[in-house]
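Residues per chain are reported as follows:
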Amino acid sequence: MSDLVGILSAGRKPVKELAVISGKGGTGKTSIVASFAALSHSSVLADCDVDAADLHLVLDPRILRRNEFMGGNRARIKSGHCTACGKCEELCRFDAIFFDGPGNGIVEKTFRVDPVICEGCGVCAWFCAEDAIDFGPVVNGEWFLSETRCGPMVHAKLGIAEENSGKLVSTVRTSAKRIAEERQLDLVIIDGSPGIGCPVIASVTGATLVLVVTEPTLSGLHDLERVAELTRHFGIPTLVCVNKWDINPEVCERIEARAREEGLGLAGRVRYDHAVTEAQIRGKAVIEYAQDGCAADVRAVWSVVEARLNGSACPAGEEL
Amino acid sequence: MKIAIASGKGGTGKTTVATNLAWVAARNGRSVAYLDCDVEEPNGHLFLKPEISSSRPIGRLYPAVDEEKCTHCGLCGEICQYSAIICVGEKVLVYPELCHACGGCVLVCAPGAITEVLRESGKLEIGQAGPVRFVHGLLRIGEAMSTHLIHQVKQAAPETDLVIIDSPPGTSCPVIESVRDADYVLLVTEPTPFGLNDLKLAVEMVRTMKLPLGVVINRAGSDDSQTAEYCRMQGIEVLATIPDDRRVAEAYSRGVLASEAMPEIRTRMEQLLARLCGATALCEVRL
């Protein structure tokens, strides 16, 4: 068996995963990912910002397959069976149970689970003496396999006010990697979400390389420090790119100095340019829309990232 | 009166609106608390520059198993929906990061072998920023779940006439926890395709939660007609429009409150506050 695996994988490089994250929101992750998608000719795109996905607005995917996402269970009180004993409310640690359900033949008011607040732990259903609580799987999102002008794309839509974004991110990543293997593409580009919590952890763990897109503001600096600590915690090589760097060159330099101190590589600077918004309005990646200005900067950043992914020294001569 | 400032998309200006609103309201003589519920990446302190008077660790419960008492019945693993506790043969394995602290395993354990212990998951800081009461949370790095800490930030809110809640971006659990008991939700957006797409998601979220809402259009420039049109069609009030001005971005980059640096922004924030009064019952509270 191991021989067979050896033969099959011989000559085929393992799929690499580049995760683009930011810590702070709105620094330009998705715009940069869209350009990377257009520059890379053999990658699969994975939009892992599942609760506010935007990459589809630029890449205009043609959906080939829709899949339901069942990320967990939820409780529902059958008002006809509830005797209003209050055990469920007493045991619920998430304050998801309210005493305002409709009455029945037994009691005037029953208990009700707020589906938005319910954490899906099932404690209420387990301990309900009347067996009046249904507890079962719910569809809390959808994910899609699509084709775009820049290659295959996997994306998702978490249901409104739903839980388990981490699980949905993992589903998107796993599918993207499988497609890359099937089609012999060597890279998955992950568009991550802001923050450092569960969807971000699910986006970066096990990735080959993380690119942090930040901005030259004190918030950007502060958030970079936290996100760098996160990638160090998980032991993932990390590059930093300062987007809109000319908004504040001095803070940009502080960020780059900080990145070096943290042992992170520098992937370059991208200037502030209205072409980004203009391209977005036209449904294009900025490198498809413009040649110079920030489009040239993004190309330069891509070449650094690509070199790093391929394991060669960075052309800009930055210590990585 | 609690006002939550939220947005689907990150970086639209939630913190700018929240900090400036708190500052302007306090300057106008109201008692105001600012709660930074973006515990993954809190930034409000960079602008309000509070003096922190209390800083304490926040813990999260997870199960600890007394092997002596454990009968390996496996019920704990059965009730746990998060695979945070698993009984394998003669051994019980616990994965603290996966635990949602529902307490189910403790309740089902007949021999009483499971107790809950605390582990540090973040920090809660309380302070004073000029006239503004300040609270924020800092999630420990590597911690996946933040809702418990957000809950603690809100619990620590001092008694004030006005509470400004600075929410994290997105539309999932941490945002729900931040806005759930607000009296009004202010969604900050920017007039770009990404901004509009994420505004729609945020509006859906707030409507699912049955909370009243209004919109602030930030970085408004040559073309914000689509966003304005969407709000009109949806019957959503646009409470303020903040112009796309490089000076605002530069003030932000230096950690300076735009209202302090630019009188015209202060005026806009005062107008926003007045319109919020109109949109909510805030004016009934003592001014």
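Use the structure listed above.
As the structure is a computational prediction, the values presented were derived from the model and not from experiment.

*Asks:* Even after reading the chapter, I still don't get helix 5 (residues 147-155) of chain B, so can you show me in this structure?
*Replies:* For an α-helix the count is 3.6 residues per turn, leaving residues at separations of three or four pointing the same way. The set of residues buried in helix 5 of chain B consists of B:T147, B:H148, B:L149, B:I150, B:V153 and B:K154. Contacts made by the buried residues of helix 5 of chain B are with strand 2 (32-36), strand 3 (51-65), strand 6 (114-129), strand 7 (132-139), strand 8 (162-166) and helix 6 (173-179) of chain B.

*Asks:* How should the interface of chain A and chain B be read in this particular structure?
*Replies:* Facing 63 residues of chain A, the contacting portion of chain B comprises 58 residues. Between chain A and chain B, the buried area comes to about 4900 Å², and carbon and sulfur atoms account for 58% of it. Viewed at the interface, chain B and chain A are joined by 2 salt bridges. Of the charged contacts in the structure, one is a salt bridge between A:R226 and B:E41, with a shortest N-O distance of 3.7 Å. Viewed at the interface, chain B and chain A are joined by 28 residue pairs in polar contact (both at pLDDT 80 or more).

*Asks:* Would you explain the environment of B:V117 in this entry?
*Replies:* Residue and element names in this part refer to chain B. Following the sequence through the fold, V117 ends up in strand 6. Overall, the relative accessible area of 30% leaves V117 in the partly exposed class. Taking C-alpha positions, V117 is 29 Å from V179, a pair spaced 62 residues apart along the chain. Not counting chain neighbours up to four residues away, the residues in contact with V117 comprise R60, L61, Y62 and A64.

*Asks:* Can you help me understand the nonpolar core in this one?
*Replies:* Within soluble globular proteins, side chains that are nonpolar tend to cluster in buried spots. Grouped together as the largest cluster of nonpolar side chains are 87 residues, with contacts concentrated most on A:V188, A:V240, B:V179, B:V185, B:L187, B:L199 and B:M205. Examining the composition of this core, we find that 7 residues originate from one element, helix 7 (residues 193-208) of chain B, more than from any other. Among all residues touching B:V185, those that are not within four sequence positions of it are B:A4, B:A6, B:V179, B:V206, B:L211, B:P212, B:L213 and B:G214. One finds A:A275, A:V286, A:V305 and A:L309 within the second-largest nonpolar core, a separate group that totals 39 residues.

What counts, and at which threshold
- Residues numbered from 1 in each chain as written.
- Chains lettered and ligands numbered in written order.
- Predicted model: local features only at pLDDT ≥ 70, side-chain atom pairs only at ≥ 80, totals over all residues.
- Heavy atoms only, no water.
- Buried < 20%, exposed > 50% of the residue type's maximum accessible area, 1.4 Å probe, protein only.
- Helix = DSSP H or I, 4+ residues; strand = E, 2+ residues; numbered from the N terminus.
- Contact = heavy atoms within 4.5 Å.
- Buried area = accessible area lost by both parts, 1.4 Å probe.
- Salt bridge = Lys/Arg side-chain N within 4 Å of Asp/Glu carboxyl O.
- Polar contact = N/O pair within 3.5 Å; in protein donor to acceptor, adjacent residues only side chain to side chain.
- Core = buried A, V, L, I, M, F, W, Y, C linked by side-chain atoms within 4.5 Å.

Keep in mind that these numbers describe shape and distance, not what the molecule does.
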